[in-house]
Amino acid sequence: MAKAKRKFVCQQCGTLSSRWQGQCDDCGEWNSIVEEAAETIFSARHDLQTGGRALTLVGLNSQVELPQRTSTGIAEFDRALGGGIVPGSATLIGGDPGIGKSTLLLQAAARIAARGLSVAYISGEEAADQVRLRAQRLGLGNAPVQLASATSVRDILTTLGEGEPPALLVIDSIQTMHSDLIEGAPGTVSQVRASSQELIRFAKQRGTAVILVGHVTKDGSIAGPRVLEHMVDTVLSFEGERSHQYRILRAIKNRFGGTDEIGVFAMVAEGLEEVANPSALFLTHRDETVTGATVFPALEGTRPVLVEIQALVVRLSSGATPRRAVVGWDSGRLAMILAVLEARCGLSFSTCEVYLNVAGGYRLSDPAADLAVAAALISALAERPVPADLVLFGEIALSGEIRPVAHAPLRLRESAKLGFERAYVPSAVADGVKGIAVSGYRALSQLVDQMLGRG
C-alpha cells in the first residue's frame, strides 16, 4: 500500500504545505507550521455517491414556522445581534483582553436564566469559583446559571446531552477547548476547527444557541483560522480602548440581521451599562468656543452618533519636516483633504504640523466626515472658531466638489434633537429638517471663503 502523504498546516493562517519549513510563506510567522494527519489513499478515493441517507429537499416558498428570537435582556446586545439570539445559532465574539467580553456574556446569561430559560456557562480559562466571584461583584450571584470549568469538548457535550439541552451555551473561550478525535494542543488550527465543528453541530441538532468567545491577535482580528468565521452564523467584535469608558459591540457578519448595527456600552463598577444616547460620550462640553473643533453626525447602522473632531495646526519656523498625526481617522484620508485644501482652495499647510483627533476614542470610517475634518483644519489654521451650534457632513472629491452622503435627514434630525441649530451640508441635500437651518455648498472653496470672510 502506498504511503499516505504528509500534510503540514500553519497554525496562524491555515496554509497547507507539503513539507515543513521554518517560516510560513503566506503570513510570515516563524515556527508556526505543524504536521497533521493526512487522509489515507483509501479515504481519498472512496466513492461518496452511494451508502448515505436520502435528504428531504424543500423549496424556498415552503410554509414553515420561523424560529423566535430570544432577547438577552440587554437592548444594545440585541441591537447588534439583529433583534436577539436565534435558537440553534452559533455566535463568535472577539475583542482585546480585558475589554469586557466575559462580563457582557455573564450579564446576558444571568438575565436569560432569570426568565426561566436554561443557560450553561462553560469556562476554559477560569475555575467555576472565579466566575462566581465575578458574578457576585456584578450583583448576579443569585442568577440560576449553570457553571462549569472544562476544556474537553467530549465531556461538555456528554454532560449537556444527558438531559434537556440548554437554551444558551456560552464557551469561554474556544481557543481553550480540546477534542480527543484529533491530535494537537488546544488553540491550534486543527483543534479550534474540530472543537467548533462539534459544538456547532450540537447547536444545530438540539436547538441550543451557542456563543463562542474568541481570542484576538495584536492587530485586533480574531485569532485562529479564518474558517472559524465562516462556520458560525454571527461574528461580533467588541471594540474600545481600555483607558476609555465606552465599549462598542459591532457586527462583522450576521446571517440573521444587518452588519451595520452597533451596541454602545459604558464600563462602570457594576459591569457594562447600556448607553441610550451615545452622543453624550463623544461630545465635549465646552463653555466657550475653541478653534479647530467641529461636530460630525456619524452614522452606525440606523443610529446617528454625534462626535467631535479636533484639529491642531502648528506653524514651524525652522525647515523641519512637519508631522501629520491622526487618532481615530484614516491618515491617508487626512493627506487627501490637505491636498485638496492646498490645490483647490489656496491654503498652505506645507510649513505646519497637523494633528487630528476624534474625541472620546471613537474611530471613524464614514467618508461623510470629510467636510467636518476640512472645517476643523480651516478653523485651526485661521484661528477662527466654528459656531458651537453647527454640525457638518459631506464627502469631498479630489476636484473640491462636496458630494452628497447617505441618510442626510436622519443625521439632521438627530442633530436637531441634541440642540444644534445649523448644518453645513452638500448642496444636493434638498430636504431640510424642522428646527435646524441647512446651508448647502457645492464646492469646498465656497466653505473656505465663508469661514475666512473672503468675498
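Residues numbered from 1 in each chain as written. Predicted model: local features only at pLDDT ≥ 70, side-chain atom pairs only at ≥ 80, totals over all residues. Heavy atoms only, no water.

## Let's talk about the sheet that holds strand 3 (residues 33–36)
For clarity, the cut-off: By definition, two strands form a pair when at least two bridges between them are found by DSSP. By the criteria applied, helices consist of DSSP H or I runs no shorter than four residues and strands consist of E runs no shorter than two, each listed in order from the N terminus.
Strand order in the open sheet formed by three strands is 2-1-3, with antiparallel pairing between adjacent strands. Of all strands in the sheet, those bounded by a partner on one side alone are strand 2 (16–17) and strand 3. Relative to strand 2, strand 1 (residues 7–10) runs antiparallel, the two sharing two bridges. By the bridge assignment, Val9 is partnered in strand 2 with Leu16.

## A look at helix 6 (residues 189–206)
Convention followed: By this rule, a helix spans an expected 1.5 Å times one less than how many residues it contains. Relative accessibility under 20% of the residue-type maximum defines a buried residue, over 50% an exposed one, and the middle range a partly exposed one, all with a 1.4 Å probe and only protein chains included.
An ideal rise of 1.5 Å per residue puts 26 Å on 18 residues; helix 6 measures up with 26 Å between its terminal C-alpha atoms. Of all the residues in helix 6, the buried ones are Val189, Ser190, Gln191, Val192, Ala194, Ser195, Ser196, Leu199, Ile200, Phe202 and Ala203. At the C-terminal side of helix 6, Gly207 shows a positive phi close to 80°.

## Regarding the nonpolar core
Spelled out, the test is: By convention a nonpolar core is built from buried Ala, Val, Leu, Ile, Met, Phe, Trp, Tyr and Cys residues, the set being connected through side-chain atoms within 4.5 Å. A contact between two residues is defined here by any heavy atoms of the two lying within 4.5 Å.
With 67 residues, the main nonpolar core has Phe296, Leu341, Leu364, Leu377 and Leu444 as its most contacted residues. Considering every element that reaches this core, the biggest residue donor is helix 10 (residues 370–382), with 10 residues. Once residues within four sequence positions are removed from consideration, Leu341 is found in contact with Gly346, Leu347, Phe349, Ala374, Leu377, Ile378, Leu444 and Val448. Core analysis: the next-biggest nonpolar cluster, separate from the first, contains 31 residues, Phe77, Val119, Ala135 and Val145 among them.

## Things to note about the UniProt feature "binding site: ATP" (unreviewed entry) in the protein
Selection criterion: UniProt positions are given in the numbering used here, feature names are shortened, and annotations may be inferred rather than shown by experiment.
In this structure's numbering, the residues bearing the UniProt feature "binding site: ATP" (unreviewed entry) are Gly95, Asp96, Pro97, Gly98, Ile99, Gly100, Lys101 and Ser102. In this structure, Gly98 sits in the loop between strand 4 (90–95) and helix 3 (101–114). Judged by its relative accessible area of 52%, Gly98 is exposed. Counting through the fold element by element, Lys101 comes out in helix 3. Residue Lys101 is classed as buried on the basis of its relative accessible area, which comes to 10%. Residue contacts for Lys101: discarding those within four places in its chain leaves Ile93, Gly94, Gly95, Asp96, Val213, Gly214 and Phe238.

## Here's the deal with unusual backbone geometry
Of the consecutive residues Asp172 and Ser173, the connecting peptide bond is found in the cis state with omega at 5°. Relative to the assigned elements, Ser173 resides in the loop between strand 7 (168–172) and helix 6. Of note in the backbone geometry, Glu383 takes a positive phi value of approximately 55° without being a glycine. One can find Glu383 in the loop between helix 10 and strand 17 (390–392). The phi dihedral of His407 falls on the positive side, at around 55°, and the residue is not glycine. Note that His407 resides in the loop between strand 19 (402–403) and helix 11 (408–417).

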